[in-house]
Amino acid sequence: MTEQDFIPKAYPKRLNNGNVTWSSPSNIALVKYWGKKEHQIPENPSISFTLNHCKTLTTLSYTKKEHSDSFSFDVFLNGEQKDDFKPKIETFFKRVEDYLPFLKDYHFKIETSNTFPHSSGIASSASGMSALALCLVSIEIELRDVSLSTVEKSFFNKKASFLARLGSGSACRSIEGDLIVWGTHKEIEGSSDLFGVKYPYEVHANFKNYQDTILLVDKGEKQVSSTIGHNLMHHHPFASRRFEQAHENMSKLINIFKNGDVDAFVKIVESEALTLHAMMMTSMPYFILMKPNTLEIINEIWAYRNETNSKVCFTLDAGANVHVLYPENEKDTVIEFIKTNLVAYCQNGHYISDQIGFGAQQLVSEN
Ligand code: PMV
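What you see as residue numbers is a count from 1 along each chain, following the sequence as written. Whole-chain, interface and lining totals are the exception, using all residues; otherwise, since this is a predicted model, local features are given only for residues with pLDDT of at least 70 and side-chain atom pairs are given and counted only at 80 or more. The side-chain figures draw on all heavy atoms in the structure; neither hydrogens nor water molecules are used.

Caption draft 1: Molecular detail of the domain arrangement of the protein. When the domains of the protein are assigned, the result is domain 1 (3-201 + 358-366) and domain 2 (208-355). Where each domain begins and ends follows an automated or database-derived domain assignment. In this structure, domain 1 and domain 2 have C-alpha centres spaced 26 Å apart. The term buried area means the drop in 1.4 Å probe accessible area that two parts suffer when joined, counted for both and summed. Taken together, the two surfaces of domain 1 and domain 2 that pack against each other cover about 3,200 Å², and 69% of this comes from carbon and sulfur. In terms of surface lost to domain 2, no three residues of domain 1 exceed Leu30, Lys32 and Trp34, which account for 26% of the buried area on that side. Definition used for salt bridges: Asp or Glu carboxyl oxygen within 4 Å of a side-chain nitrogen of Lys or Arg. Linking domain 1 with domain 2 are zero salt bridges, by the criterion used here. Nitrogen and oxygen atoms within 3.5 Å of one another constitute a polar contact, given that in protein one can donate a hydrogen and the other can accept it, and given that sequence-neighbouring residues count only through two side-chain atoms. At the boundary of domain 1 and domain 2, one finds 13 residue pairs in polar contact (both at pLDDT 80 or more). Put simply, the parts of the chain that give the side of domain 1 that touches domain 2 at least two residues each are strand 1 (17-31), strand 4 (46-64) and strand 8 (179-182). Only DSSP runs of H or I reaching four residues or more are called helices, and only runs of E reaching two or more are called strands; each is numbered from the N terminus. No other element matches strand 4, which puts eight residues into the side of domain 1 that touches domain 2.

This is the structure we're talking about:
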């Protein structure tokens, strides 16, 4: 598919007003996306677990305007008007206008809330942008006056992911569950730089209901935005080797998912997390997003793994928080380990227990 496939023909139906609501999850990458070309095209393929509890709930209300000359919208977070969110959404609208030509015909009210605290250091851009993209594609389905056949549903998911990508790259992996690939990889059929797709091959039972406990080490604002970080991969001395390595790690994961080799999984996942942060530390300018407690937690996890037969491991986002990943059959023991050994390193003792989930859900729709 190409970008052109997402440009619609004239809409047959007229709509005056209505609303749609979607709940969309966050995701955690196993092979990381870090570095992009123009138009949010990733430099390398990535793969993520879709989360089950960390979600954004967005209601998009639309009212037909008299003049279609500019974008018009208001944004609310937990019922409170958030004008500081508007520039990011305005940029998003500009990027997607060709693919959603009705955007200037309506005034939109965007009402959003997260199941996790806004200032938790958990990026809400993946769940937030995917929820908004899903709402917009739902309105388009109404305007196109089609029902969601299997073919239409597949196109719907691709278009929602395609649009979410233009809002925030990793958001394109937040439409479906439970294992999502984004970025063309030669061994993964259907993989695309334009949108995320469900991982199409066999996944061993060892990876079903995989657990993710997010340790909130630092709830502050990120010192370096991911946009700046991605840009620092241009002219980065290790960039091209890093992009090749991501392809290699994706290939290795295909076998690991098939034969259920959790030890090999742990090695790739932890190496990917440290490589992401190594890229930050070796860019120019260089920066460090880990905090002392991030390292304390990593060392505790390694010590615990050495002492026990546990398969617990960690991964990191572009921040100081630690995602602790472990198989479902270790749920009780690892939670106990987290409570006794790791909670002390979390800001105000805060952590969030989550697990791999099944993707976004539409809740209500009125028109
Ligand atoms: O979606 P962005 O542009 O905020 O990039 C996020 C990239 C990482 O979270 C660091 C890695 C990933 O693949 O999700």
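On we go from here.
Caption draft 2: Local environment of the site of the ligand. A cutoff of 4 Å decides nearness: a residue is near a molecule or strand if any of its heavy atoms lies inside that distance of it. Neighbouring the ligand are 13 residues, the closest being Tyr33, Ser170, Arg173, Ser226 and His230. Contact distances for the ligand include 2.9 Å between an oxygen atom and a backbone N or O atom of Tyr33. Using a 1.4 Å probe, accessible areas were evaluated by the Shrake-Rupley method; residue-level cover was limited to the displayed protein chains. Contact with the protein chains removes 91% of the 390 Å² of surface that the ligand exposes when unbound. Residue classes follow a fixed rule: Ala, Val, Leu, Ile, Met, Phe, Trp, Tyr, Cys and Pro count as nonpolar, while Asp, Glu, Lys and Arg count as charged, and any other residue, Gly among them, counts as polar. Here the residues of the shell around the ligand are counted per class, giving five nonpolar, five polar and three charged. Two domains each donate at least three residues to the shell around the ligand, and these are domain 1 (3-201 + 358-366) and domain 2 (208-355).

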